[in-house]
Amino acid sequence: MTLALDTAEQAAVPAPRSRVWGKLLRNRSALIGGTVVIAFALIAFLGPLVMAADPIKTSWSLVRKAPSWLNWFGTDDLGRDVFARVVYGARASLLAGIVSVTIAVSIGGPLGLIAGYFGGWIDAIISRCTEAMLACPFLILAIALGSVLGASLTNAMIAIGIAAAPIFTRLTRAQTLAVKTEDYVEGARAIGLPDRWILAKYIVPNIFAPILVQATLIIAQAIIAEASLSFLGLGQQPPAPSWGSMLNTGKNFLQQGQWWMSMFPGVGIFLTVLGFNLLGDGLRDALDPRET
Amino acid sequence: MLSFIGRRILIAIPTIILVSIFVFTLQKLLPGDPILVLAGEERDPAVIELLREKYRLNDPLPLQYLAWAGQALQGNLGMSLRTGVPVLQLIKDKLPVTLQLAAMAMSFALLIGIPAGVMAAVRKGSAWDYGATALALWGLSIPNFFLGILLIFLISVQLNWLPASGYVPPSESLSQNLKTMIMPAFVLGNALAASMMRHTRSAMLGVLKQDYVRTARAKGLLEPRVILKHALRNALIPVVTIGTLLFGELLAGAVLTEQIFTIPGFGKLIVDAVFNRDYAVVQGVVLCTAIGYIGLNLLADVLYVVLNPRLRAR
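As annotated in an unreviewed UniProt entry, chain B carries the name Peptide ABC transporter and comes from Alsobacter metallidurans. Quoted straight from UniProt, the Sequence similarities (unreviewed entry) entry for chain B says "Belongs to the binding-protein-dependent transport system permease family." The Subcellular location (unreviewed entry) comment attached to chain B in UniProt states, word for word, "Cell membrane".

Looking up chain A in an unreviewed UniProt entry gives the name Peptide ABC transporter permease, with the organism given as Alsobacter metallidurans.

Tallying secondary structure elements over chain B gives 13 helices and 0 strands in all. The C-alpha extent of chain B, read off along each of the three principal axes, is 85 × 55 × 35 Å. Within the span of chain B, comprising 314 residues, buried residues form 45% of the whole. Taking as baseline every contact in chain B between residues at least 6 positions apart, the subset at least 24 positions apart corresponds to 71%. Surface exposure of chain B reaches about 15900 Å², of which carbon and sulfur atoms provide 65%. Each charge class in chain B can be summarised by its mean position, and for the 27 positive and 17 negative side chains these summaries are 20 Å apart.

For chain A, the helix and strand inventory stands at 11 helices and 0 strands. Along chain A, helices and strands appear, N-terminal first, in the series α-α-α-α-α-α-α-α-α-α-α. On the principal axes, the C-alpha backbone points of chain A span a range of 80 × 45 × 30 Å. Across the 292 residues in chain A, those meeting the buried criterion constitute 53%. Taking all contacts inside chain A whose residues are at least 6 apart in sequence as the whole, residues at least 24 apart take part in 73%. Put simply, chain A shows about 13100 Å² of open surface, and 66% of that area lies on carbon and sulfur atoms. Side-chain charges of chain A comprise 21 positive and 17 negative groups, with the mean position of each set lying 6 Å from the other.

Turning our attention to the UniProt feature "transmembrane region" (unreviewed entry) in chain A. Residues and elements named next belong to chain A. When the UniProt feature table is mapped to this numbering, "transmembrane region" (unreviewed entry) covers residues 30–52, 94–118, 138–165, 203–224 and 259–280. Along residues 138–165 one finds 89% helix and 0% strand; the C-alpha atoms at either end are 10 Å apart. When the span residues 259–280 is considered, its composition is 95% helix and 0% strand, and the gap between its end C-alpha atoms is 31 Å.

So, about the packing of aromatic side chains. Residues and elements named next belong to chain A. Scanning the model with the defined rule gives 13 aromatic pairs over all chains in all. Seen in terms of ring centroids, Phe73 and Phe264 are 3.9 Å apart; in terms of plane orientation they differ by 5°. Their pairing is stacked. Remark: Phe264 occurs in helix H11 (residues 260–287) and Phe73 occurs in the loop between helix H3 (28–50) and helix H4 (82–118); sequence separation between them is 191 residues. Since its relative accessible area comes to 21%, Phe264 is described here as partly exposed. Ring geometry for Trp259 versus Phe264: centroids 5.8 Å apart, planes at 50°, classification tilted. Classification of Trp259 by relative accessible area gives partly exposed; the value is 30%. Ring pairing ties together the aromatic residues Trp72, Phe73, Phe83, Trp259, Trp260 and Phe264, which thus form one cluster.

N-cap assignment for helix H3 (residues 45–54) of chain B: the residue whose side-chain oxygen lies 3.0 Å from the backbone N of B:Ala46 is B:Asp44. Phi for B:Arg56, located one or two positions after H3(B), is positive at around 60°.

All names here are of chain A. Together, Ile38, Leu42, Leu46, Leu49 and Val50 give the surface a local cluster of nonpolar side chains, amounting to about 550 Å² of exposed area. Tracing the sequence through the fold places Ile38 in helix H3. Ile38 sits in the exposed class, given a relative accessible area of 54%.

The next subject is the side chain of A:Thr272. Residue and element names in this part refer to chain A. Position of Thr272 relative to the elements: it lies in helix H11. For Thr272, a relative accessible area of 2% translates into the label buried. Of the polar contacts made by the side chain of Thr272, one reaches the backbone oxygen of Gly268; its length is 2.6 Å.

On to the nonpolar core. If you look at the biggest cluster of nonpolar residues, it comprises 159 residues, and the most contacted ones within it are A:Ile203 and B:Met204. Looking at this core element by element, the count peaks at 20 residues for helix H9 (residues 195–232) of chain A. Leaving out residues up to four positions away in the same chain, A:Ile203 has contacts with A:Leu113, A:Tyr117, A:Thr176, A:Val179, A:Lys180, A:Val185 and A:Ile198. Within the second largest apolar cluster, 5 residues are counted, among which are B:Ala120, B:Ala132, B:Ala194 and B:Met197.

Residue and element names in this part refer to chain B. Throughout the structure, instances matching the rule amount to 12 salt bridges over all chains. Residues Glu223 and Arg217 are paired through a salt bridge, measuring 2.7 Å at the closest nitrogen-oxygen approach. Arg217 gets classed as partly exposed once you look at its relative accessible area, which sits at 36%. A salt bridge links Asp272 to Lys268, with the shortest nitrogen-to-oxygen separation between them at 3.4 Å. Taken together, the residues span about one helical turn, with Asp272 and Lys268 both in helix H11 (residues 266–275) at a distance of 4 residues. Its relative accessible area of 32% is what places Asp272 among the partly exposed residues.

Bringing the UniProt feature "domain: ABC transmembrane type-1" (unreviewed entry) in chain B into the picture now. This chain's UniProt record puts "domain: ABC transmembrane type-1" (unreviewed entry) on residues 95–304 of chain B. Taken end to end, residues 95–304 of chain B is 83% helix and 0% strand, and its first and last C-alpha atoms sit 27 Å apart.

What UniProt calls "transmembrane region" (unreviewed entry) maps, in this numbering, to residues 9–30, 101–122, 134–161, 181–197, 235–261 and 281–307 of chain B. End-to-end, the C-alpha atoms of residues 101–122 of chain B are 32 Å apart, and along that stretch the chain is 100% helix and 0% strand.

Our focus in this paragraph is the environment of B:Met196. On the secondary structure map, B:Met196 appears in helix H8 (residues 174–208). The exposure class of B:Met196 is buried, given its relative accessible area of 1%.

Positionally, B:Thr15 belongs in helix H1 (residues 2–29). Apart from the residues within four sequence positions on either side, B:Thr15 is in contact with A:Glu131, A:Ala132, A:Ala135 and B:Ile294.

The subject of this paragraph is the packing of helix H10 (residues 223–260) of chain B against H11(B). All names here are of chain B. Following both chains from N to C, one finds H10 and H11 inclined at 85°, their axes separated by 7 Å at the closest point. It follows from the interaxial angle that H10 and H11 lie roughly perpendicular. Where H10 approaches H11, its residues Ala254, Val255, Glu258 and Gln259 are matched on the opposing element by Phe266, Gly267, Lys268, Ile270 and Val271. The class makeup of the residues in the contact of H10 with H11 is 5 nonpolar, 2 polar and 2 charged.

What counts as what
- Residues numbered from 1 in each chain as written.
- Chains lettered and ligands numbered in written order.
- Predicted model: local features only at pLDDT ≥ 70, side-chain atom pairs only at ≥ 80, totals over all residues.
- Heavy atoms only, no water.
- UniProt positions renumbered as here; feature names shortened; annotations may be inferred.
- Helix = DSSP H or I, 4+ residues; strand = E, 2+ residues; numbered from the N terminus.
- Buried < 20%, exposed > 50% of the residue type's maximum accessible area, 1.4 Å probe, protein only.
- Contact = heavy atoms within 4.5 Å.
- Areas by Shrake-Rupley, 256 points an atom, 1.4 Å probe, with all protein chains shown as cover.
- Lys, Arg positive; Asp, Glu negative; His and termini not counted.
- Charge placed at Lys NZ, Arg CZ, Asp CG, Glu CD.
- Phe/Tyr/Trp six-rings, centres within 6.5 Å; stacked < 30°, edge-to-face > 60°.
- Polar contact = N/O pair within 3.5 Å; in protein donor to acceptor, adjacent residues only side chain to side chain.
- Patch = residues over 30% accessible without salt bridge, like charges linked within 9 Å, V, L, I, M, F, W, Y side chains within 5 Å.
- Salt bridge = Lys/Arg side-chain N within 4 Å of Asp/Glu carboxyl O.
- Core = buried A, V, L, I, M, F, W, Y, C linked by side-chain atoms within 4.5 Å.
- Axes fitted to C-alpha atoms, helices over the stretch in contact; angles between N-to-C directions.
- Parallel < 35°, antiparallel > 145°, perpendicular 65-115°, else oblique.
- Nonpolar A, V, L, I, M, F, W, Y, C, P; charged D, E, K, R; others polar.

This is how it looks when you write it as structure tokens:
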């Protein structure tokens, strides 16, 4: 029994953190992605504290002014400072990405764990429901849920979170199925440990890495989804700034050559998503035991 | 083979039933009472009760679902609350526009993604590889509505080469139709091209290590023949199936592309329906998209077996 417990304890320990960190720091993609993400996180959460410009203050004398020393990114159709709105919009976008993925992991993760670990009819029900949800394209599902919940940033985050949850259910289930046949799980079961203990102590730590990688990549998709919903008018509501709604407003003035209203928020979305994609790819390489 | 297809169809049926339950539940969760809209401004309680009876809204939910599903099976997805036109008719009118857009986007994706993926794999570690990988990352990171805006600004506003928005049916003028669709199709196909490039590169890298490729080279075949006839043919098997699945994603991507370029397709239909609170249309579009997506999944599975001689022989 002690031997079984020892085996379980030793084998359940995931890859050493220092090795993963070393691989991560050597990975150029992860480094660039991580730097971009940290930079945007700092802009999003510290920027509003240090900058003086008000993102919702309108000024009729400053309507649609091109970028200048006074207004670095120009002003919009209501004379608001585009730079201030881009900085505040970063907060909405990052928050939406992180909160919606947290919702998705919180719903999808436990369901996948239960389905994979217990199997049988519970697995059949959860798997069929997951397939049904996955049968609907992500954005269409988010739009449909957004229309049910109503237009707001909070509801957009909930809609995206629910729409993304089946991705994590499927991944967690597959990972749990692979891990539950390992000797250390068998050992833990043999010594009579309760299921919830086995799940928390032996399964979750060993399936954490792929879920973390997937979560990073889904944050990128969630940021695009939030911007899409805001672009369509189903996300952040005016006058609060959001990159998606800024792009929607800005596109109406492209014909007049007033590019700055849409260009800067667009570049913001692109760089943030690029950062998360690079970080996700780097994490996948660093956490993959096959990579040397 | 037939039994395999039959088995896959049988597996798809419960998924479609669950999707229909989900779509039905979604309608029940929607805010507001559609009967109040139908009852007019007087909102006479007797009329409301009559309408409730007519639409079986007083029945228990499972019975309501069965009645709705029965109607849906016969092709009756209800009427648009706003226009009074049957939902199926609306979908039939708009779908060809989106299918043309999606087909053109897929063509772009194949024309760009597959050659770029092959070059990246064949010259792994070269400037070609890094360039193609960087392009793929760009394609996956740029939202199509931002790319659309960029192209409108550059190509339509600055260079005046193509119209910024609008749609001309091909029956009216094919050249004008292509002029209005080429930019949206490129925008929609951009992310797909990036995915195709990544999958092709990965599949080619796997295939190029195989013994039969080494044998082909040892036989003295020219490198282009080895790449195109021996490697690419085998590498394309997973790419074709993934491409089929990604075609479904194009329907979702079309929502935003059609919005930017003001194309009256399937995507614009759902967005307009959401804003007009035209729930029957939202429900119909979600159901049809999901069924289409399940169909594409089925097709991908079948194609995988059809294209793979080892699986086909079983």
